[in-house]
Structure formats: structure tokens, C-alpha cells
Amino acid sequence: MLRALCISIFLISMSAVAKPKDDGSQIQADNFYPRVKIETSMGDITVELDRSKAPIAVNNFLRYVDKRSYEDTIFHRIVANFVVQGGGYDIDFAEKPSFPDIINESGNGLKNEMYTIAMARQKDPHSSNRQFFFNMNDNVSLDPGRNWGYTVFGYVVEGTDTLDAISLVETDYDTTWGWADVPVEPVLIKRVSVLPPV
């Protein structure tokens, strides 16, 4: 009886030991403003993420970065003076695997202003997973109002010239996929890495 009780207590205590987190929150866990470098085929972009205002989106993004899941993806949608969107497809337009969708944090006070990074989504406001976009204008229409907006979770601190150049590449309607605003020459996301704390 005593032995069974000891085993039960041991099993309970073992189950209480937290498993290491693997949701992005473990990456520079004490840093509210982690930075990442996005290496593209047209140059590098450094982004400071805002975990204090958008913890779910930042941790989600870092989870993909940690798994090296953005490597060799593309910016598949580019609209001058609007957005540069990517992170969801490889160069052959094969969709990359995603973690579960995340909750919309668009009411966090961050606006879809020029050079901010935000989560892309479908019509469902809580359908963001891996795709993100850069605002190439002050896109007030993407901010929350009577309806849900698009979650901003950081801003560009270096490489705005690279982003400007990307936003101006030639695009066309892709007849294979039935999508507009697809770059004629692919713009690759070669690597995304977390930078040391500032």
C-alpha cells in the first residue's frame, strides 16, 4: 500500500514537471523586443518584433523561424504602395505546412503603418498562421474598427531600401494559380534568423 502511494506521488510529481516549451515563447523569453534578420534574394531586412503588444503573433512567428520553416519561401504577393506578402509557399508555389491558426491581436494599439510587419489571414479574423506581410504605406483600412483588423507585431529597423526595391518588382497575373500581383521573377526568402539581444 505504501509502495503504491509512493509510486502515485512520484508519477504525479513527474507529470507536474513542465515540458520544455516549443511554441516560440522560449526564444529569448525575457526579451520583449527580439530582432530577426530576413535574408532575401534582394537583400536583408531586420525587423524588431513587439512581444509586449503582440505576444501571440510574435511567439508564433518565432516558432516558424526556430524550425527554419521560412527558408526558401517566396514573397508571392506584391502590391506597390500597399503590401509585400510571403512566407507561405516555396518557389514552386507548394504550400508550406502550418501550425494551428492563432488569435487575432489587431486591437493591440499597433497600426498598419509604413514598414510594419503584420500577420496575413483569410476572411476569418482568427485564421492567421504562417504568412506575414510588410505594410508599404499607412494602410488604415487594415486597422481594426467596426471589424477585426490585421495584427501588427513589429517594424523594420534596417533594410527599408531592400523592402522598397522588392515592392517595385514587376508583377503579373499568374494563370497557373489564378492569382494577381505575383512577381514575374521570384523574390526568395532565403533565411530568417533571430539576432542576439540588443
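The name that an unreviewed UniProt entry assigns to the chain is Peptidyl-prolyl cis-trans isomerase, with the source organism given as Paraglaciecola mesophila KMM 241. Quoted verbatim from the Function (unreviewed entry) field of the UniProt record, the comment on the chain reads "PPIases accelerate the folding of proteins. It catalyzes the cis-trans isomerization of proline imidic peptide bonds in oligopeptides." Checking UniProt for the chain, the heading Catalytic activity (unreviewed entry) contains the comment "[protein]-peptidylproline (omega=180) = [protein]-peptidylproline (omega=0)".

Colleague: How should empty space enclosed by the protein be read in this particular structure?
Modeller: A probe as big as a water molecule, rolled over the atoms, marks out the empty space that is left. What the rule picks out here adds up to 1 cavity of 30 Å³ or more. Looking at the largest cavity, its volume works out to about 40 Å³. As for the largest cavity, its lining consists of Ile102, Ile103, Asn104, Met119, Arg121, Pro125, Ser128, Gly149, Tyr150 and Thr151. The residue inventory of the lining of the largest cavity, partitioned by class, reads 5 nonpolar, 4 polar and 1 charged.

Colleague: I'm lost on the layout of surface pockets in this one. Help?
Modeller: As a volume, the largest pocket reaches approximately 500 Å³. Among the elements of the structure, strand S3 (73-79), strand S4 (83-90) and strand S9 (179-183) are those that each provide at least two residues to the lining of the largest pocket. Per-class residue counts for the lining of the largest pocket are 10 nonpolar, 9 polar and 5 charged.

Colleague: Got a minute to help me understand helix H2 (residues 55-66) in this structure?
Modeller: An ideal rise of 1.5 Å per residue puts 16 Å on 12 residues; H2 measures up with 16 Å between its terminal C-alpha atoms. Turning to H2, its buried residues number three or more, namely Ala57, Val58, Asn59, Asn60, Phe61, Leu62, Tyr64 and Val65. Looking at the buried positions of H2, the neighbouring elements they touch are strand S1 (35-40), strand S2 (43-49), strand S5 (116-119), strand S6 (132-135), strand S7 (152-158) and strand S10 (188-194). Positive phi shows up at Arg68, right after H2, with a value of about 60°.

Conventions adopted
Residues numbered from 1 in each chain as written. Predicted model: local features only at pLDDT ≥ 70, side-chain atom pairs only at ≥ 80, totals over all residues. Heavy atoms only, no water. UniProt positions renumbered as here; feature names shortened; annotations may be inferred. 1 Å grid on protein atoms, 1.4 Å probe; cavity = no way out; pocket = protein on both sides within 12 Å on 5 of 7 lines; lining within 4 Å. Points joined across faces, edges and corners; volume = space filled by probe spheres on them. Nonpolar A, V, L, I, M, F, W, Y, C, P; charged D, E, K, R; others polar. Helix = DSSP H or I, 4+ residues; strand = E, 2+ residues; numbered from the N terminus. Expected span 1.5 Å × (residues − 1). Buried < 20%, exposed > 50% of the residue type's maximum accessible area, 1.4 Å probe, protein only. Contact = heavy atoms within 4.5 Å.

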